Amino acid sequence: MSQPVVPQKTYVMVFLGLIGLTALTTGVAFLDLGPFNTVVALAIAFTKMLLVLLFFMGLKHSSDIMRTVVIAGFFWLALLIALTMGDYRTRSWSPSPDSWSATAPPTHP
Amino acid sequence: MTEAEARAHHPGLAHQFRDLDQQQETDTLGIWLFLVTEIMFFGGLFAAYAIYRWLYFAAFEGGSHILDIRLGAANTMVLLASSLTMALSVRSAQTGNRRSTVTFLVGTMILGTIFLVIKGVEYNQKFEEHVVPTLDWAPQGETLAKLAPGGLGHAEMYFVFYFAMTGLHAIHMIIGMGLLLWLVVRARKGTFTGGYFAPVEVVGLYWHFVDIVWIFLFPLLYLIGGRY
């Protein structure tokens with residue numbers, strides 16, 4: 001099961017797509033889209049990553065075990081970021097008891 | 001000797017493998033496992049970045065506006081071009097074309113050098129603007145006006161992330177350049193012929209991974225909050 005030889009043209013087209021997306025993300029930075037600036041920038045970066053993974057890194061023609069390893073890697077990264085951010089962003093949701101913020105050490109009878 | 005027999009007796013084939021294809025599959029899986037550890041290595045920085053950017057958004061926006069977006073975009077394109085030449089050198093090694101393998105590998109090294117030179121110019125600018133945390137932190141004038149609204153201490157935190165993330169990325173580039181040099185020497189000797197090209201493939205995967213890290217660093221560091 002040897003790897004197929006991908007035509008040079010495919011690599012060049014992918015490269016042109018990546019350059020186009022870089023120009024697009026740079027251009028969009030000069031438009032005021034409010035919070036969507038970040039969303040668009042990350043969506044474009046994600047698309048570029050997929051292009052590199054599938055074509056330059058050859059996952060399009062890889063075996064299933066290879067893809068499983070890659071997906072597992074990114075899944076763990078997603079867990080790392082989602083759970084950490086989930087913790088930080090929800091810490092102030094419920095009020096803490098007044099006694100927690102008392103500066104004086106608790107007195108024991 | 002038929003082509004199949006030549007492949008079975010290739011000097012690049014280690015004795016524990018049945019054939020070159022099985023060896024290549026094993027090598028590729030191995031480098032992917034390494035790259036997963038790299039994802040988590042950079043991932044820790046990305047997660048920390050996400051928290052601080054959320055906590056001190058104004059400071060991160062101010063810091064981002066100190067960076068030169070043209071140099072950042074130019075460097076992104078240089079690195080993408082180096083990924084193209086890398087992919088083409090892997091393809092050349094796969095088809096056993098020694099000459100174009102070497103040409104594309106050298107091209108990748110040249111583009112990698114251009115990237116590092118531009119990065120060096122940017123680092124130098126940061127020293128001139130006195131926005132290097134700890135070593136030279138004394139922003140003045142226009143720079144100070146951009147950083148002050150978010151709080152100077154928090155802006156310094158932005159530059160800690162800027163130098164830590166781009167610095168770690170640059171170290172990976174330098175290691176990659178060393179690996180490319182090693183490949184050039186081996187490719188010139190004609191090592192990568194007759195279906196044996198796993199080392200080129202493996203270094204290629206590493207190089208593309210480093211490219212992906214930059215694909216995210218560019219919008220996250222240079223494009224915060226927009227330039228409108």
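Rules used in this analysis
- Residues numbered from 1 in each chain as written.
- Chains lettered and ligands numbered in written order.
- Predicted model: local features only at pLDDT ≥ 70, side-chain atom pairs only at ≥ 80, totals over all residues.
- Helix = DSSP H or I, 4+ residues; strand = E, 2+ residues; numbered from the N terminus.
- Buried ≥ 20, exposed ≤ 12 C-beta atoms within 10 Å, placed from the backbone.
- Contact = placed C-beta atoms within 7 Å.
- pLDDT = per-residue confidence, 0-100.
- Axes fitted to C-alpha atoms, helices over the stretch in contact; angles between N-to-C directions.
- Parallel < 35°, antiparallel > 145°, perpendicular 65-115°, else oblique.
- Left-handed = near helix turned anticlockwise from the far one by under 90°.
- Nonpolar A, V, L, I, M, F, W, Y, C, P; charged D, E, K, R; others polar.

1. A few points about the overall build of chain B
Here comes step 1: When helices and strands are counted, chain B shows 8 helices and 2 strands.
Here comes step 2: Mapped from its N terminus to its C terminus, chain B presents α and β elements in the order α-α-α-α-α-β-β-α-α-α.
Here comes step 3: Taken over the C-alpha atoms alone, chain B extends approximately 75 × 30 × 30 Å along its principal axes.
Here comes step 4: Put simply, chain B has 228 residues, and 40% of those count as buried.
Here comes step 5: Considering only intrachain contacts with a sequence separation of at least 6, the fraction spanning at least 24 residues in chain B is 78%.

2. With respect to the confidence of the model for chain A
Here comes step 1: Mean pLDDT over chain A works out to 90, with 91% of the residues at or above the 70 mark.
Here comes step 2: Put simply, helix 4 (residues 98-101) of chain A is where chain A has its lowest mean pLDDT, 74, and helix 1 (residues 8-28) of chain A is where it has its highest, 97.

3. Looking at the packing of helix 4 (residues 69-94) of chain B against helix 8 (residues 198-222) of chain B
Residues and elements named next belong to chain B.
Here comes step 1: Running from N to C, helix 4 and helix 8 cross one another at 165 degrees; their axes reach a closest spacing of 10 Å. Compared by their axis directions, helix 4 and helix 8 come out roughly antiparallel. Considering how the two elements wind past one another, helix 4 and helix 8 form a crossing that is left-handed. Across the interface between the two elements, Ile-69, Gly-72, Thr-76, Leu-79, Leu-80, Ser-83, Met-86, Ala-87, Ser-89, Val-90 and Ala-93 of helix 4 pack against Val-200, Glu-201, Gly-204, Trp-207, His-208, Asp-211, Trp-214, Phe-218 and Tyr-222 of helix 8.
Here comes step 2: In terms of residue class, the contact of helix 4 with helix 8 is made up of 12 nonpolar, 6 polar and 2 charged.

4. Observations concerning the interface of chain B and chain A
Here comes step 1: The interface is formed by 38 residues belonging to chain B together with 40 residues belonging to chain A.
Here comes step 2: Those elements giving two or more residues to the side of chain B that touches chain A turn out to be helix 2 (20-55), helix 4 and helix 8 of chain B.
Here comes step 3: Top contributing element to the side of chain B that touches chain A by residue count: helix 2 of chain B, with 14 residues.
Here comes step 4: Among the residues making up the side of chain B that touches chain A, the classes are represented as 24 nonpolar, 9 polar and 5 charged.

5. Let's talk about the environment of His-10 of chain B
Here comes step 1: Counting through the fold element by element, His-10 of chain B comes out in the loop between helix 1 (3-8) and helix 2.
Here comes step 2: Among all residues touching His-10 of chain B, those that are not within four sequence positions of it are Leu-20, Gly-194, Gly-195 and Tyr-196 of chain B.

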